[in-house]
Amino acid sequence: QVRLVQSGSQLQKPGASVNLSCEASGYTFINYAISWVRQAPGEGLEWMGWVNTNTGKATYAQGFTGRFVFSLDHSVKTAHLQIRNLKAEDTAVYYCARGNTVRGIQVYFFDYWGQGSLVSVSS
Amino acid sequence: SYDLTQPPSLSVSPGQTASISCSGDKLGDKFVSWYQQRPGQSPVLVIFQDDKRPSGTPERFSGSNSGNTATLTISGTQAMDEADYYCQAWDNTPAAVFGGGTQLTVL
């Protein structure tokens, strides 16, 4: 079955960097893009952008350029999210989600989600 | 930027119908997805392409989308349906946009 397994929670200091991973299994990795979604404590879902798992091309949503980097390791079917120069407002749960579509229709949705990785930023 | 507006909360009694709205400019021209997020859990897709149910979504969940409003309807609401619900669409960038979420209470 399709699974997205994310790395564990992390506590980091402001200014540090963090690397999160999302390991995919149960499907052909390069056939589905991976999106990253942020959820701050008590808040809603916020789309950060996506990475084309076939080409490696990353697209970042407004507000997630500069300090956020999406990357892939095809050898282990894993997507990575790096956040540089952490700020207190980066404290959130970060989800990876698989994007899917319907053949012949311009529709796109997130059909599988990882369990989330909590990043806490505090001095 | 494109905004989707949802009511922050909704309460229904068990067995009643819950209707959660999602409003956006010309939303009916876009496809809408709905996600359920139970406390402490990851979001789960319950409706895509306005009104399609993924395998595993109970038949009591249905969706519609017309004009400026999409609606998620839960018929015969059960205690297990208590969760936050998020609508989602794509703007012209394209970028995914989520509504602010609706906390559904079943009491």
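Structure: above.
Residues numbered from 1 in each chain as written. Chains lettered and ligands numbered in written order. Predicted model: local features only at pLDDT ≥ 70, side-chain atom pairs only at ≥ 80, totals over all residues. Heavy atoms only, no water.

(A) Region of interest: the overall build of chain B. Along the backbone of chain B there are zero helices and nine strands. Along chain B, from the amino end to the carboxyl end, the secondary structure elements read β-β-β-β-β-β-β-β-β. For chain B, the residues scored as buried account for 50% of the 107 residues in total. Contacts spanning at least 24 positions in sequence make up 55% of the contacts within chain B whose residues lie at least 6 apart. Charged side chains of chain B number 6 positive and 10 negative; the gap between the two group centres comes to 5 Å. (Helix = DSSP H or I, 4+ residues; strand = E, 2+ residues; numbered from the N terminus. Buried < 20%, exposed > 50% of the residue type's maximum accessible area, 1.4 Å probe, protein only. Contact = heavy atoms within 4.5 Å. Lys, Arg positive; Asp, Glu negative; His and termini not counted. Charge placed at Lys NZ, Arg CZ, Asp CG, Glu CD.)

(B) Just the sheet that holds strand E1 (residues 3-6) of chain A, in detail. All names here are of chain A. Reading across the sheet, the four strands line up as E1-E3-E8-E7 and stay open at both edges, with antiparallel pairing between neighbours. Of all strands in the sheet, those with a lone pairing partner are E1 and strand E7 (68-73), marking the two edges. The average angle at which neighbouring strand axes cross in this sheet is 20 degrees, direction not considered. As judged from the six bridges shared by E7 and strand E8 (residues 78-83), these two strands associate in the antiparallel manner. When the sheet's bridge partners are listed, aspartate 73 is paired in E8 with threonine 78. (Pairing = 2+ DSSP bridges. Axes fitted to C-alpha atoms, helices over the stretch in contact; angles between N-to-C directions.)

(C) Inspection of the nonpolar core at higher detail. Counting residues in hydrophobic clusters, the biggest one holds 44 residues, and the most contacted among them are A:Ile34, A:Trp36, A:Trp47, A:Leu81, A:Phe110, A:Trp113 and B:Phe98. Discounting chain neighbours no more than four positions away, the residues touching A:Leu81 are A:Val18, A:Asn19, A:Leu20, A:Trp36, A:Met48, A:Phe68, A:Val69, A:Phe70 and A:Tyr94. Counting residues in each nonpolar core, the second largest holds 22 residues, with B:Leu27, B:Ala70, B:Ala83 and B:Cys87 among its members. (Core = buried A, V, L, I, M, F, W, Y, C linked by side-chain atoms within 4.5 Å.)

(D) Quick look at the interface of chain B and chain A. Listed per partner, the contact involves 18 residues of chain B and 21 residues of chain A. Interface area for chain B against chain A, summed over the two sides, is near 1,600 Å², with a carbon-plus-sulfur share of 69%. Among the residues chain B hides against chain A, the three largest losses belong to B:Pro43, B:Trp90 and B:Phe98. Together they make up 33% of the total. Linking chain B to chain A there are zero salt bridges. Across the contact surface, chain B and chain A share eight residue pairs in polar contact (both at pLDDT 80 or more). The set of elements that each furnish at least two residues to the side of chain B that touches chain A consists of strand E3 (33-37), strand E7 (83-90) and strand E8 (96-98) of chain B. A per-class count over the side of chain B that touches chain A returns 11 nonpolar, seven polar and no charged. (Buried area = accessible area lost by both parts, 1.4 Å probe. Salt bridge = Lys/Arg side-chain N within 4 Å of Asp/Glu carboxyl O. Polar contact = N/O pair within 3.5 Å; in protein donor to acceptor, adjacent residues only side chain to side chain. Nonpolar A, V, L, I, M, F, W, Y, C, P; charged D, E, K, R; others polar.)

(E) Just the environment of B:Gln6, in detail. Residues and elements named next belong to chain B. Along the polypeptide, glutamine 6 turns up in the segment before strand E1 (9-12). Residue glutamine 6 is classed as buried on the basis of its relative accessible area, which comes to 10%. Counting along the chain gives 68 residues from glutamine 6 to isoleucine 74, while the straight-line C-alpha distance between them is 16 Å. Here glutamine 6 is in contact with Ile20, Ser21, Cys22, Trp34, Tyr85, Tyr86, Cys87, Gly99, Gly100, Gly101 and Thr102, once residues within four sequence places are set aside. A polar contact is formed between the side chain of glutamine 6 and the backbone oxygen of tyrosine 85, at a distance of 2.8 Å. One polar contact links glutamine 6 to threonine 102, side chain to side chain, over a distance of 3.0 Å.

(F) Expanded view of the sheet that holds strand E5 (residues 61-66) of chain B. All names here are of chain B. Taking strand neighbours across the sheet as the criterion, the three strands line up as E2-E6-E5 in an open arrangement whose pairing is antiparallel. The outermost strands of the open sheet, each flanked by one partner alone, are strand E2 (18-23) and E5. The average angle at which neighbouring strand axes cross in this sheet is 15 degrees, direction not considered. In terms of strand pairing, E5 meets strand E6 (residues 69-74) through six bridges, oriented antiparallel. Paired with serine 66 across the two strands is threonine 69, which belongs to E6.

(G) Seen up close, the side chain of A:Asn100. Residues and elements named next belong to chain A. With respect to the helices and strands, asparagine 100 occurs in strand E9 (residues 92-102). Reaching out from asparagine 100, the side chain makes a polar contact with the side chain of aspartate 111 at a distance of 2.8 Å. Apart from residues no more than four positions distant in its own chain, asparagine 100 is found in contact with Tyr32, Val107, Tyr108, Phe109 and Asp111.

(H) Structural view of the state of the cysteines. Taken as a whole and judged by the stated rule, the model has two disulfides over all chains. Shown here is the disulfide that connects A:Cys22 with A:Cys96, its sulfur atoms set 2.0 Å apart. Taking the sign of the torsion about the S-S bond as the criterion, the disulfide between A:Cys22 and A:Cys96, at about 80 degrees, is right-handed. With a gap of 74 residues between them, A:Cys22 in strand E3 (residues 18-25) and A:Cys96 in strand E9 connect regions that are remote in the sequence. Its relative accessible area of 0% is what places A:Cys96 among the buried residues. Note that B:Cys22 is cross-linked by a disulfide to B:Cys87, the S-S spacing being 2.1 Å. (Disulfide = S-S within 2.5 Å.)

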